[in-house]
Amino acid sequence: MATQCSKCDSKAVYLRRYTSEALCDSCLAETTLQRVRRTINKHKMFRENDRIAVAISGGKDSSVLLHILHRIEKKYPDSEIIPITIDEGIMGYRDRALEAAKKLTRSLDLTLEVRSFRELFGHSLDDIVKMRKSDKPIGACSFCGVLRRRAINSTASELEADVVATGHNMDDEAQTLLINMLRGDSRRIVRTSRPREKALRGFVPRVKPIMEITERDVVAYSHSQALEYHDVPCPYSVEAYRNDVKDFLNDMEHRRPGTLLAILRSGEEIGKAFEQTPVATELRECEQCGSVTPDRICKVCSMLSDISGN
Ligand code: SF4
Ligand SMILES: [Zn+2]
Ligand SMILES: [Zn+2]
């Protein structure tokens, strides 16, 4: 016999294990929206007249993020959503994802702002990978992460956005937290869970509105809304460490639903505890590009000098 939805008389199509809810298509979409709204309110992520830059990649997480924010922000006529995509220049991957991002923004009547590594840094990621020094090359993902973070910040700031929303889900957050712990990098825990009002000078605050919904929820929501997204892995993706942690957490979550949420809550508590004992980080301007950095030369400039040989 088909299971009935926990919220209405319809047939359930999805079991949200960590809340023990069996949900029909429409209640699945509605409760997902409510969870995101609660997260936004709890962490005071947005204000009523915000210009919200939404970083989208064309993949499932950021597509669901944009779709949900678009629905939530309709109620706030003074706020504005500006989707942005950073094109790293990864042949056969980002170009296709970009098409998916364009299609989604068009369907929501939004204009997508695209900036590329080539225009911002002079080289595509594919070029950078070829130009790396061969003796001890920096990994493609390290370049990509550092440059993309800078690109998102500078694009958001150029567009005069008040805040940037990114599509990290609960699985991503729990994995990152555990990785930081396993590597003994507890300071990073504070950086990844920094509240909006504690954003560092020179950085547009970043928020993660879908961090309290799981990857399974994201996939289920995207199916319920028939969202099309790009679902092919990046050719440079070799995150073996993260994949090990992901497999472990997936197994734990399957056997003990609620594990991911418990890790997320622990991260919040640890972040708060660290806030009580702040360590002052001296920030200054990079001697080469003027960006705010704790070092004499910022990470972006030192990485770029590695490929130019300066
Ligand atoms: S897998 Fe690595 S190179 Fe590819 S998009 Fe992600 S961070 Fe960038
Ligand atoms: Zn229902
Ligand atoms: Zn610099």
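Worth saying up front: this structure is predicted, and the values here are computed from it rather than measured.

### So, the site of ligand 1
Okay, step 1: Taken together, Leu125, Cys141, Cys144, Arg148, Cys234, Tyr236 and Ser237 make up all the residues around ligand 1.
Okay, step 2: Counting residues per element, the shell around ligand 1 draws most heavily on helix α6 (residues 140–158), at three residues.
Okay, step 3: Residues that form the shell around ligand 1 fall into these classes: five nonpolar, one polar and one charged.

### Some words on the coordination of the zinc ion (ligand 2)
Okay, step 1: Each protein donor to the zinc ion (ligand 2) is listed here as Cys5 (SG), Cys8 (SG), Cys24 (SG) and Cys27 (SG); together their distances run 2.3 Å.
Okay, step 2: Each donor residue of the zinc ion (ligand 2) belongs to the same chain, and together they define the spacing C-x2-C-x15-C-x2-C. Here cysteine 24 lies in the loop between β2 (21–23) and α1 (25–42) and cysteine 8 lies in the segment before β1 (14–16), a separation of 16 residues in the sequence.

### Comments concerning the coordination of the zinc ion (ligand 3)
Okay, step 1: Taken together, the protein donors to the zinc ion (ligand 3) comprise Cys286 (SG), Cys289 (SG), Cys298 (SG) and Cys301 (SG), at separations of 2.3 Å.
Okay, step 2: Geometry at the zinc ion (ligand 3) is tetrahedral, judged from the four donor atoms that bind it and their angles of 106 to 114° at the metal.
Okay, step 3: By relative accessible area, which is 4% here, cysteine 286 ends up buried.

### A word on the sheet that holds strand β7 (residues 206–207)
Okay, step 1: With respect to topology, five strands assemble into an open sheet ordered β5-β4-β3-β6-β7, the strand pairing being parallel. Only two strands of the sheet have a single partner each, and these edge strands are β5 (113–116) and β7.
Okay, step 2: As paired elements, strand β4 (residues 80–87) and β5 share four bridges and run parallel to each other. Of the residues in β5, the one forming a bridge with aspartate 87 is serine 116.
Okay, step 3: Here helix α3 (residues 94–107) sits on the sheet in contact with β4 and β5, set at roughly 165° to β4.
Okay, step 4: Across the sheet, α6 is in contact with β3 (51–55), β4, β5, β6 (163–165) and β7; its angle to β4 comes to roughly 145°.

### Quick notes on the pattern of salt bridges
Note on pairing: side chains with opposite charge can pair once their charged atoms come close.
Okay, step 1: Tallying each qualifying case throughout the model produces 22 salt bridges.
Okay, step 2: Where aspartate 127 meets arginine 118, a salt bridge forms, and the shortest distance between an N and an O atom there is 3.3 Å.
Okay, step 3: Owing to a relative accessible area of 22%, aspartate 127 belongs among the partly exposed residues under this scheme.
Okay, step 4: Since its relative accessible area comes to 47%, arginine 118 is described here as partly exposed.
Okay, step 5: A salt bridge links lysine 208 to glutamate 173; its shortest N-O distance comes to 3.2 Å. With lysine 208 in the loop between β7 and α9 (215–224) and glutamate 173 in helix α7 (residues 170–182), this pair connects stretches of sequence that are 35 residues apart.
Okay, step 6: On the basis of relative accessible area, glutamate 173 is assigned to the buried category, the value being 12%.

### Regarding the layout of surface pockets
The rolling of a water-molecule-sized probe over the atoms marks out the regions of remaining empty space.
Okay, step 1: Here the second largest pocket is characterised by a volume of approximately 230 Å³.
Okay, step 2: What lines the second largest pocket is a set of 16 residues, among which Asp171, Thr214, Arg216, Glu253 and Leu260 lie closest to the centre.
Okay, step 3: If you list the elements that add at least two residues to the lining of the second largest pocket, you get β1, α9 and α10 (240–255).
Okay, step 4: The dominant element in the lining of the second largest pocket, judged by the number of residues it contributes, is α10, at four residues.

### Some words on the packing of aromatic side chains
Okay, step 1: Taken as a whole and assessed by the stated rule, the structure comprises one aromatic pair.
Okay, step 2: Between the aromatic rings of phenylalanine 117 and phenylalanine 121, the centroid separation amounts to 5.5 Å while the plane-to-plane angle is 80°, which identifies the pairing as edge-to-face. With phenylalanine 117 and phenylalanine 121 both in helix α4 (residues 117–121) and four residues apart, this pair spans about one turn of that helix.
Okay, step 3: For phenylalanine 117, a relative accessible area of 0% gives the class buried.
Okay, step 4: Positioned above the aromatic ring of tyrosine 241, the side-chain terminus of arginine 183 is 4.3 Å from the ring centre.

### Points about α1
Okay, step 1: If you check α1, its first and last C-alpha atoms are 26 Å apart, about what 18 residues at 1.5 Å a residue would give, namely 26 Å.
Okay, step 2: Downstream of α1 by one or two residues, lysine 44 has phi in the positive range, about 45°.

### Focus: the domain arrangement of the protein chain
Okay, step 1: In terms of domains, the protein chain is made up of domain 1 (42–277) and domain 2 (280–310).
Okay, step 2: Between the C-alpha centres of domain 1 and domain 2 the distance comes to 23 Å.
Okay, step 3: If you look at the interface, domain 1 gives 16 residues, while domain 2 gives 13 residues.
Okay, step 4: In total, about 1,300 Å² of surface goes out of reach between domain 1 and domain 2, with carbon and sulfur atoms giving 71% of it.
Okay, step 5: Counting the contacts that link domain 1 with domain 2 gives two residue pairs in polar contact (both at pLDDT 80 or more).
Okay, step 6: Secondary structure elements with two or more residues in the side of domain 1 that touches domain 2: α5 (125–131) and α6.
Okay, step 7: For the side of domain 1 that touches domain 2, the element with the highest residue contribution is α6, accounting for five residues.
Okay, step 8: The residue makeup of the side of domain 1 that touches domain 2, split by class, is nine nonpolar, three polar and four charged.

Calculation rules
Residues numbered from 1 in each chain as written. Chains lettered and ligands numbered in written order. Predicted model: local features only at pLDDT ≥ 70, side-chain atom pairs only at ≥ 80, totals over all residues. Heavy atoms only, no water. Near = heavy atom within 4 Å. Helix = DSSP H or I, 4+ residues; strand = E, 2+ residues; numbered from the N terminus. Nonpolar A, V, L, I, M, F, W, Y, C, P; charged D, E, K, R; others polar. Donors = N, O, S within 2.8 Å, 3.2 Å for Na, K, Ca; no water. Tetrahedral: all angles 85-135°; square planar, octahedral: opposite > 155°, others 65-115°. Buried < 20%, exposed > 50% of the residue type's maximum accessible area, 1.4 Å probe, protein only. Pairing = 2+ DSSP bridges. Contact = heavy atoms within 4.5 Å. Axes fitted to C-alpha atoms, helices over the stretch in contact; angles between N-to-C directions. Salt bridge = Lys/Arg side-chain N within 4 Å of Asp/Glu carboxyl O. 1 Å grid on protein atoms, 1.4 Å probe; cavity = no way out; pocket = protein on both sides within 12 Å on 5 of 7 lines; lining within 4 Å. Points joined across faces, edges and corners; volume = space filled by probe spheres on them. Phe/Tyr/Trp six-rings, centres within 6.5 Å; stacked < 30°, edge-to-face > 60°. Lys NZ or Arg CZ within 6 Å of the ring centre and 35° of its normal. Expected span 1.5 Å × (residues − 1). Domains from an automatic or database assignment. Buried area = accessible area lost by both parts, 1.4 Å probe. Polar contact = N/O pair within 3.5 Å; in protein donor to acceptor, adjacent residues only side chain to side chain.

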